Amino acid sequence: MGLIAALAIATSVRSAAAQDDLDELLSEEVVTTASKSSETTSDAPAVSTSVSAATLRRHGLRTLEDAVNFASLAVSSPGSNTHGAFPELGSRGVLLTGDTGNHFLVMIDGHMLNEPYRGSARFGREAGIPVEMIDHIEVIVGPGSVLYGSNAILGVINVITKRPENGARLVLEGGYPPTLRGGVGAEKTFRLLGDDASLSLQLDYFLREGPDLELGPQNLGVDRISGEPTRAFPGDTTGIWGGTATRSNYQRVPSALLRFSLGDFEARLFGRINESGSPATQGDFDAADSRIVERQIALDLSQRIVVSSLMELNVRAYADGYDYLERERVSRVERCLEIGVETCEFETASISRWAGLELRASVDWLEDGDLVTLVGVIPQVEVVGGKQDRLDADTRASTQRSEGVVEETTDTVLGAYIQQTWRPTDWLGFNAGGRIDTDPRFDPVFTPRLAVATNPWDGGTIKLIYAEAFRAPGRFETDVSQVGRLARPRGGLDPERTRSIELVLDQRVSRHRAVAGVFANVWEDLVASKVLNAEERALAVDEQRIQGTLPNTPVEELENVAKIESAGVNTGYEAELLDKQLTLGVNLTAALARKEVGGESRELTVAPRLFGNTRVAYALGDELPTLALAGFFVDERPANRAFDGGFTPRPEAPPQLELRANVSGDVPGVSQLRYRLSGTYRTASEGPYVLGPIQNATAVAPSAELNPIAQVETFLALEYVFQGEP
Amino acid sequence: MTRARTVSAVMVSLCVFAAAEACRDIEPATYEQRAIDGGANPLTDQACLLCVRLEESTEECRAARADCDEQESCDFAMTCAIERGCLSQPASDIALCAIPCAADAGILSAEDPAVTNAFILIDCLRQGCQEECGFTPSEEGSGPQ
């Protein structure tokens, strides 16, 4: 698909007549995400990287998190999955821990996967995207709201699936820590209703059992209600949380992706279920029933209509469903608060359903790609709701009224965008656009982007990009209150906003490409909690934005009170040498970021200031394997509770270097059987998350325990390919 | 274009179908205060009822009640605890029995002054209404340790 797009571009570029130029163009990555049209990475009005299927295979990259860490300019917080949570993504020195991924937009073939209740997205195994169906992954760092609206604030990830061919495959993958993945896929091209049609489908099942984790000991002290040692599990009399967690560290992810095309009509159906144990929550130790279960289904149907040589229309209809259930088992009397109930369960449930229609028109005024107008409108209906319950673990009866209730709410939101590209000469190009989004909860938001690209010398591109982006607050932020603790925001919340300016130099020489950029970002109106004063508390009670307050317990309210300023440089280099036998790449980002809340300025937690990756692969040729080595590095960073946990010493995660060696190729003597053998070593055994029930320092537990990271990881993947007729 | 229109119609139909998929139950849970086992509720007795409602109580209990009434959370929690029959429980279980009431009242900490006021009142009632309600007298008080 990339080759076809590159050819299309090549034919439209007048200066590419010479064979050398064509060869150079063919070697360049083609992306579609930055402007919703095919263009080379150097021309795209954003800093983007494209991670090809070959790179995924060569380096044993199996998830979006892997692709981001080992081959892009973004970064995932390593080891966050052992925190009992999911990987978190950041870019350009900013990572907002606890955001459930709602500052990064994730798409499959342009279909947005972030759900509207929290805006959450997944990047690890739980994302469930079958890696064998991926053609390439485009990763944009920086604002992307101009075409995509909310959530595209730290960046955009677009997974582009392969065009189906003929054949089938069986995939079996196993490794340590104990994981197993089985997959079955099939692809078919055929004629239907007088037109070319294709169908591809893959079913995946991922299973992780373990590894066993050594956690704690954490002294929970005396239960404030019972006056006895706080129970860390049913029947506990010691008050000590910890030991070897053997039952609670698991993950099960069945998923499926279907792609169908008929002429210019395309359909995609994606579904996944993720069931993840929570070994390090604040509930009972090693409770197998403490877990997160989420289900997602996404349907996308699109029809391309070529009206004339000038104009093309694209109609896309989509419908999505997502639900979430988090269950935490707790045996503490002071949290269960119910006589006769030894163990209770806290359940957080939410649903999101959304459907919409995107109507897009593209007008190529000069029929040569030099002056193109793109307009689009996207009406979307969203249905969301959620609640938190406390249940008797044995009887499943509620022991209190639901808290944090968001009644099932239906909203209609609308996005409309326009983008104008203009290339007046061979060496100068403009891309200007803007998008307006409406939502009943706040005033319309306008997000512009202006990019100027010039090619002052052969192979060189200088880009200046100004862009804005926003994130619409979720209903879980605007509508939720909790008894005695959290007041619903007064007058709602405004969208979070960011403004970014960057200068990028992109240089290509033959099959080498180097990128260097400087950027500055300002984030405003970030949602953060603020402690209310006496007057504000009284007002919150009067206005029934909180049910009950306590004289000695602070009441918090979410407000648009935080601000972040960041600036830095990012650089990248990649090359294909020795007739593509040798491939290598390097990415490095250095950034300074400060967060300001209530007049207090400090560095961001979990977010690394320096991170990068490097990779090299060599194909030995013929039937011999490809050898690959990749590295990923993040410097030390404050843990998530570094500034508000009161711990001594201040918890900080050490620098992490992750090295991954991978061997891939065809199994000798077994026709059509491919393999990948991979081994990973991490230098640090701790991550940046304070785990377990001690989230604030106490007299008996003054220091924090950070999440453990498996230092050694291996896997072997076998793929048997049944090749059909071409 | 005819096929495009047909396809579009199919698209919309399928999307509507997909959007209607079944989801988690997010109906808010209803919660009824549970009556605690332990025999007949003495509060059905008129004399007892009048006593705990302070019409026929002692001056000390009236003062304690006034203190509690001044705090919305204490007032709510006490009303709930009395209706729930917590005062009929053994002294050691009164705190646990009243915990859901305290939570409903927004009392989340044992250090909350509302808890102190509530237990002063409970102790007073258990002493002052012992005869009317047949309460077991508390020797060490019923508050949390």
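Residues numbered from 1 in each chain as written. Chains lettered and ligands numbered in written order. Predicted model: local features only at pLDDT ≥ 70, side-chain atom pairs only at ≥ 80, totals over all residues. Heavy atoms only, no water.

Draft legend 1. A look at the overall build of chain B. In terms of helices and strands, chain B carries seven helices and zero strands. Ordered by position from N to C terminus, the α and β elements of chain B give α-α-α-α-α-α-α. The proportion of buried residues among the 145 residues of chain B is 46%. (Helix = DSSP H or I, 4+ residues; strand = E, 2+ residues; numbered from the N terminus. Buried < 20%, exposed > 50% of the residue type's maximum accessible area, 1.4 Å probe, protein only.)

Draft legend 2. Spatial organisation of the nonpolar core. Judged by nonpolar contacts, the single largest core of 54 residues is most densely connected at A:Ile137 and A:Ile157. The leading source of residues in this core is helix H4 (residues 64–71) of chain A, at five residues. Discounting chain neighbours no more than four positions away, the residues touching A:Ile137 are A:Thr49, A:Ser50, A:Val51, A:Leu56, A:Leu64, A:Ala67, A:Ile157, A:Asn158 and A:Val159. The next biggest cluster of nonpolar side chains, apart from the first, holds 27 residues, and it includes B:Cys48, B:Ile94, B:Phe119 and B:Cys124. (Core = buried A, V, L, I, M, F, W, Y, C linked by side-chain atoms within 4.5 Å. Contact = heavy atoms within 4.5 Å.)

Draft legend 3. Molecular detail of the side chain of A:Glu294. Residues and elements named next belong to chain A. On the secondary structure map, Glu294 appears in strand E17 (residues 291–306). Glu294 sits in the buried class, given a relative accessible area of 0%. Polar contacts involving the side chain of Glu294 include one to the side chain of Arg122, which spans 2.9 Å. A polar contact is formed between the side chain of Glu294 and the side chain of Tyr322, at a distance of 2.5 Å. Setting aside residues no more than four positions away along its own chain, Glu294 makes contact with Phe86, Arg122, Glu126, Arg272, Ile273, Asn274, Tyr322, Asp323 and Tyr324. (Polar contact = N/O pair within 3.5 Å; in protein donor to acceptor, adjacent residues only side chain to side chain.)

Draft legend 4. Representation of helix H6 (residues 113–128) of chain B. The first and last C-alpha atoms of H6(B) sit 22 Å apart over 16 residues, in line with the 22 Å expected at 1.5 Å per residue. Buried within H6(B) are the following residues: B:Ala114, B:Val115, B:Asn117, B:Ala118, B:Phe119, B:Leu121, B:Ile122, B:Cys124, B:Leu125 and B:Arg126. (Expected span 1.5 Å × (residues − 1).)

Draft legend 5. Spotlight on the side chain of A:Arg268. Residues and elements named next belong to chain A. Mapped onto the elements, Arg268 comes out in strand E16 (residues 265–277). With relative accessibility at 12%, the residue Arg268 sits in the buried group. Polar side-chain contacts of Arg268 include one of 2.3 Å to the side chain of Asp109. If sequence neighbours within four positions are ignored, Arg268 has contacts with Asp109, Thr161, Leu258, Arg259, Ala298, Leu299 and Asp300.

Draft legend 6. Representation of the state of the cysteines within the structure. With the rule as written, the count across this model stands at two disulfides over all chains. One disulfide bridge connects A:Cys336 with A:Cys344, the sulfur atoms lying 2.2 Å from each other. Disulfide A:Cys336-A:Cys344: torsion about the S-S bond near -100°, hence left-handed. In terms of burial, A:Cys336 and A:Cys344 fall into one category: buried. Each sulfur in the disulfide pair B:Cys68 and B:Cys74 lies 2.0 Å from the other. Between B:Cys68 and B:Cys74 the disulfide shows an S-S torsion of about -105°. By sign, it is left-handed. Here the two residues B:Cys68 and B:Cys74 agree in accessibility, since each one is buried. (Disulfide = S-S within 2.5 Å.)

Draft legend 7. Layout of the sheet that holds strand E3 (residues 47–52) of chain A. Pairing is mixed in the open sheet, where five strands are placed in the order E3-E8-E9-E6-E7 (chain A). Each edge of the open sheet carries a strand with a single partner, namely E3 and strand E7 (111–112) of chain A. (Pairing = 2+ DSSP bridges.)

Draft legend 8. Region of interest: the packing of aromatic side chains. Residue and element names in this part refer to chain A. Considering all chains together, one arrives at seven aromatic pairs over all chains under this definition. With a centroid separation of 5.7 Å and an interplanar angle of 20°, the aromatic rings of Trp422 and Phe430 are classed as stacked. Judged by relative accessible area, which is 45%, Trp422 ranks as partly exposed. Over the ring of Tyr324 we find Arg118, and its NZ or CZ is 4.6 Å from the ring centre. Here Arg118 stacks its cationic end above the ring of Phe476, 5.7 Å away from the centre of that ring. (Phe/Tyr/Trp six-rings, centres within 6.5 Å; stacked < 30°, edge-to-face > 60°. Lys NZ or Arg CZ within 6 Å of the ring centre and 35° of its normal.)

Draft legend 9. Summary view of the pattern of salt bridges. Residue and element names in this part refer to chain A. Enumeration according to the criterion identifies 67 salt bridges over all chains in this entry. Between Asp286 and Arg247 there is a salt bridge; the shortest N-O distance is 3.7 Å. Taken together, the residues span a long stretch of sequence, with Asp286 in the loop between E16 and E17 and Arg247 in the loop between strand E14 (240–245) and strand E15 (250–262) at a distance of 39 residues. For Asp286, a relative accessible area of 5% gives the class buried. Where Arg497 meets Glu468, a salt bridge forms, and the shortest distance between an N and an O atom there is 3.1 Å. (Salt bridge = Lys/Arg side-chain N within 4 Å of Asp/Glu carboxyl O.)

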